[in-house]
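Chain residues, written in single-letter form:
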Protein chains: 2
Amino acid sequence: MSQSPLSIPLDRSSPVPLYFQCAQEMERRILSGELPVGTRLENEVVLAGRLGLSRPTLRRAIEYLVDRGLLVRKRGVGTQVVQPRVRRPLELSSLYDDLCQAGQQPRTEVRKLAVEPAPDPISVALELAPATEIYVLHRLRFAGGEPLALLHNYLPTHIVELTETMLMDRGLYEILRSAGVTMKIANQTIGARTAGQAEAEELWEEAGAPLLTMQRTSYNDVGRPVEIGSHTYRASRYTFELTLTG
Amino acid sequence: MSQSPLSIPLDRSSPVPLYFQCAQEMERRILSGELPVGTRLENEVVLAGRLGLSRPTLRRAIEYLVDRGLLVRKRGVGTQVVQPRVRRPLELSSLYDDLCQAGQQPRTEVRKLAVEPAPDPISVALELAPATEIYVLHRLRFAGGEPLALLHNYLPTHIVELTETMLMDRGLYEILRSAGVTMKIANQTIGARTAGQAEAEELWEEAGAPLLTMQRTSYNDVGRPVEIGSHTYRASRYTFELTLTG
DNA sequence: GAGTGGTCTAGACCACTCA
DNA sequence: GAGTGGTCTAGACCACTCA
């Protein structure tokens, strides 16, 4: 449990906040091993003085790293580097982006893109008047040349204009984001069932094969629903990974 | 979008921090509807003055509610009440506690409780020397009189002493917590498969029935692994619900 | 240009931990 | 009792939003 007199270069002319510059540099040193697991930081008052920051600003940097699971603080004891365990702090992410990042070369077939009156459960969940016209979207997502998932989505028409071309090149979340729609929160339900004949054929599986299912409703920054997804994944090729904190 | 001159009673002699008293009272008013969705708070300087708090303290209260998805802040614009959408901010929770809360009367059958040398993948994941002795625990969890899940767990022996009796009455997480073990973070992988003959019988399903699977490694506050779980749920009776934020 | 939240300072007092 | 993080204050200047 070594101590470490930390020195961090800060650029006060940068638009990047000082607490964030500080946090990022500390994160880099922890992940690179320069600050090994078990290292104890100097106390906040001394460290703030050394870095030329006020204590609240330093505390904000430390808080950021505590939230991300890289440091632990104990009152009366001190602040210590811990083994980072977070895969990712469970962000609102899109399958398309995840596959891109994993180098899986996603491809999308648009099976249906229509504007139709919303069925009752959908209009209720989207908080629209009954039978309001909405986008109904069916896609088949491929990765590495094989089908991975059937994606069904329902969206109000007023938030974005969708075309088949843009849906082939990009994930739905990215399209929404670039249209200025902010997705802030989503409720998901993950379950499993076995494949029927039709979807088995679409997904190159046998009837009775295990499938992962995910229903999701996404909400924007003021809590209005912006999208419903009802997706089906081949269990043989897909799992959900998540990190919980408590 | 009404404005609201907020007045909150604060007890400065209480050990509960002022920012938290403030946040909890605001949360109560939002959830009770006294502060309806869309309400705009006064600006931070004025509100801090009205409440008799410094602005940083008020900001800390607001931050807490922003994190929980009850308020949104926009620079240059203001702070506004939003529709709460969080089922729960995805905590590290135990199946046993969840079932209790849902009034499902969980029951546990302990199928195996043994101390055995750890197989290689387990000792690696628990960061123990090869073949270190560990607890191997198999349980069958019932809810509402029917089997719900097969629970397999692996734990180092030095962190807690387990007996069959205590495992029948309580969830594993509660036992660990009351033994002073803090679970801080967990990585989970959720997947699906179909049931084999043996587990189908244990779970009162047919062979080939869909099952949800969850592998989990839990870590304590300094990032040491404390438990591995490998669980199998009846897809007909169980789903994972979670709330994502971004 | 008026109003908003975002960042930052330089202190203060306190509760907790541990030898 | 020495050392630590937790809370709180009363300011300051700034970037952003919107009419």
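Quantities reported herein were computed from a predicted structural model and do not represent experimental measurements. (Residues numbered from 1 in each chain as written. Chains lettered and ligands numbered in written order. Predicted model: local features only at pLDDT ≥ 70, side-chain atom pairs only at ≥ 80, totals over all residues. Heavy atoms only, no water.)

Enquirer: When you look at the environment of Pro56 of chain A in this model, what are you seeing that I'm missing?
Expert: Residue and element names in this part refer to chain A. Relative to the assigned elements, Pro56 resides in helix 3 (residues 55–67). Here Pro56 falls in the exposed class, since its relative accessible area comes to 59%. A sequence separation of 37 residues divides Pro56 from Tyr19, and the C-alpha atoms of the two residues are 9.1 Å apart. (Helix = DSSP H or I, 4+ residues; strand = E, 2+ residues; numbered from the N terminus. Buried < 20%, exposed > 50% of the residue type's maximum accessible area, 1.4 Å probe, protein only.)

Enquirer: Honestly, the pattern of salt bridges in this entry has me stumped. Any pointers?
Expert: Any two side chains of opposite charge can pair if their charged atoms end up close together. Scanning all chains against the criterion turns up 40 salt bridges over all chains. Residues Lys112 of chain A and Glu116 of chain A are paired through a salt bridge, measuring 3.0 Å at the closest nitrogen-oxygen approach. Note that Arg28 of chain B is salt-bridged to Glu25 of chain B, the shortest N-O span being 2.9 Å. Taken together, the positions of Arg28 of chain B and Glu25 of chain B, both in helix 1 (residues 18–32) and 3 residues apart, correspond to about one turn of that helix. (Salt bridge = Lys/Arg side-chain N within 4 Å of Asp/Glu carboxyl O.)

Enquirer: Would you mind showing me how to read helix 3 (residues 55–67) of chain B here?
Expert: The α-helix advances 3.6 residues per turn, and as a result positions three or four apart in sequence lie on the same side. Residues and elements named next belong to chain B. The terminal C-alpha atoms of helix 3, which comprises 13 residues, lie 18 Å apart, in line with the 18 Å expected from a rise of 1.5 Å per residue. Listing the buried residues of helix 3 in full gives Leu58, Ala61, Ile62, Leu65 and Val66. Considered in projection along helix 3, the buried side chains sweep an arc of 140 degrees and stay on one side of the axis. Opposite the buried face of helix 3, at more than 90 degrees from it, the exposed residues are Pro56 and Asp67. Where helix 3 is buried, its residues touch helix 1, helix 2 (44–51), strand 3 (71–74) and strand 4 (78–81). (Expected span 1.5 Å × (residues − 1). Arc of directions from axis to C-beta. Contact = heavy atoms within 4.5 Å.)

Enquirer: How should helix 1 (residues 18–32) of chain A be read in this particular structure?
Expert: All names here are of chain A. The terminal C-alpha atoms of helix 1, which comprises 15 residues, lie 21 Å apart, in line with the 21 Å expected from a rise of 1.5 Å per residue. For helix 1, the set of buried residues is Gln21, Cys22, Ala23, Glu25, Met26, Glu27, Arg29 and Ile30. Looking at the buried side of helix 1, the elements it contacts are strand 2 (40–41), helix 2 (44–51), helix 3, strand 3 (71–74) and strand 4 (78–81). Of the residues one or two after helix 1, Gly33 is the one with positive phi, at around 95 degrees.

Enquirer: Quick question: what am I supposed to make of the domain arrangement of chain A here?
Expert: The extent of an interface is frequently quoted as the accessible surface area lost upon association of the parts. Once the domains are mapped, chain A shows domain 1 (18–81) and domain 2 (86–241). Using only C-alpha atoms to locate each centre, domain 1 of chain A and domain 2 of chain A end up separated by 39 Å. (Domains from an automatic or database assignment.)

Enquirer: Please clarify how the side chain of Asn220 of chain A should be interpreted in this entry.
Expert: By secondary structure assignment, the location of Asn220 of chain A is in strand 9 (residues 210–220). A distance of 3.0 Å separates a polar atom in the side chain of Asn220 of chain A from the backbone nitrogen of Val222 of chain A. (Polar contact = N/O pair within 3.5 Å; in protein donor to acceptor, adjacent residues only side chain to side chain.)

Enquirer: It is not clear to me how the protein's contact with DNA strand C should be interpreted in this structure. Could you clarify?
Expert: As a matter of local geometry, DNA strand C sits amid 25 residues, with Leu18, Thr57 and Arg60 of chain A together with Asn43 and Arg55 of chain B nearest to it. If you look at DNA strand C and keep only atoms within 4 Å of the protein, 69% of those are sugar or phosphate atoms. Arg12 of chain A is positioned such that a nitrogen or oxygen atom in its side chain is 3.0 Å from a phosphate oxygen of DNA strand C. Between DNA strand C and the protein, one listed contact pairs a phosphate oxygen with a side-chain N or O atom of Arg73 of chain B at 3.3 Å. At the level of secondary structure, the elements contributing two or more residues to the surface near DNA strand C comprise helix 1 and helix 3 of chain A together with helix 3, strand 3 and strand 4 of chain B. It is helix 3 of chain A that contributes the most residues to the surface near DNA strand C, 4 residues altogether. Of the residues in the surface near DNA strand C, the class split is 7 nonpolar, 8 polar and 10 charged. (Near = heavy atom within 4 Å. Nonpolar A, V, L, I, M, F, W, Y, C, P; charged D, E, K, R; others polar.)

Enquirer: Any chance you could explain the interface of chain B and chain A here in plain terms?
Expert: Taken together, the contact between chain B and chain A spans 41 residues of the former and 41 residues of the latter. Carbon and sulfur atoms make up 55% of the area that chain B and chain A hide from each other, which totals about 3,800 Å². The residue Asp221 of chain A makes a salt bridge to Lys74 of chain B at a minimum N-O spacing of 3.4 Å. At the junction of chain B and chain A, the tally comes to 7 residue pairs in polar contact (both at pLDDT 80 or more). Looking at the side of chain B that touches chain A, the elements with two or more residues in it are strand 3, strand 8 (185–194), strand 9 (210–219) and strand 11 (240–245) of chain B. Ranked by residue count, the leading element in the side of chain B that touches chain A is strand 8 of chain B, at 10 residues. (Buried area = accessible area lost by both parts, 1.4 Å probe.)

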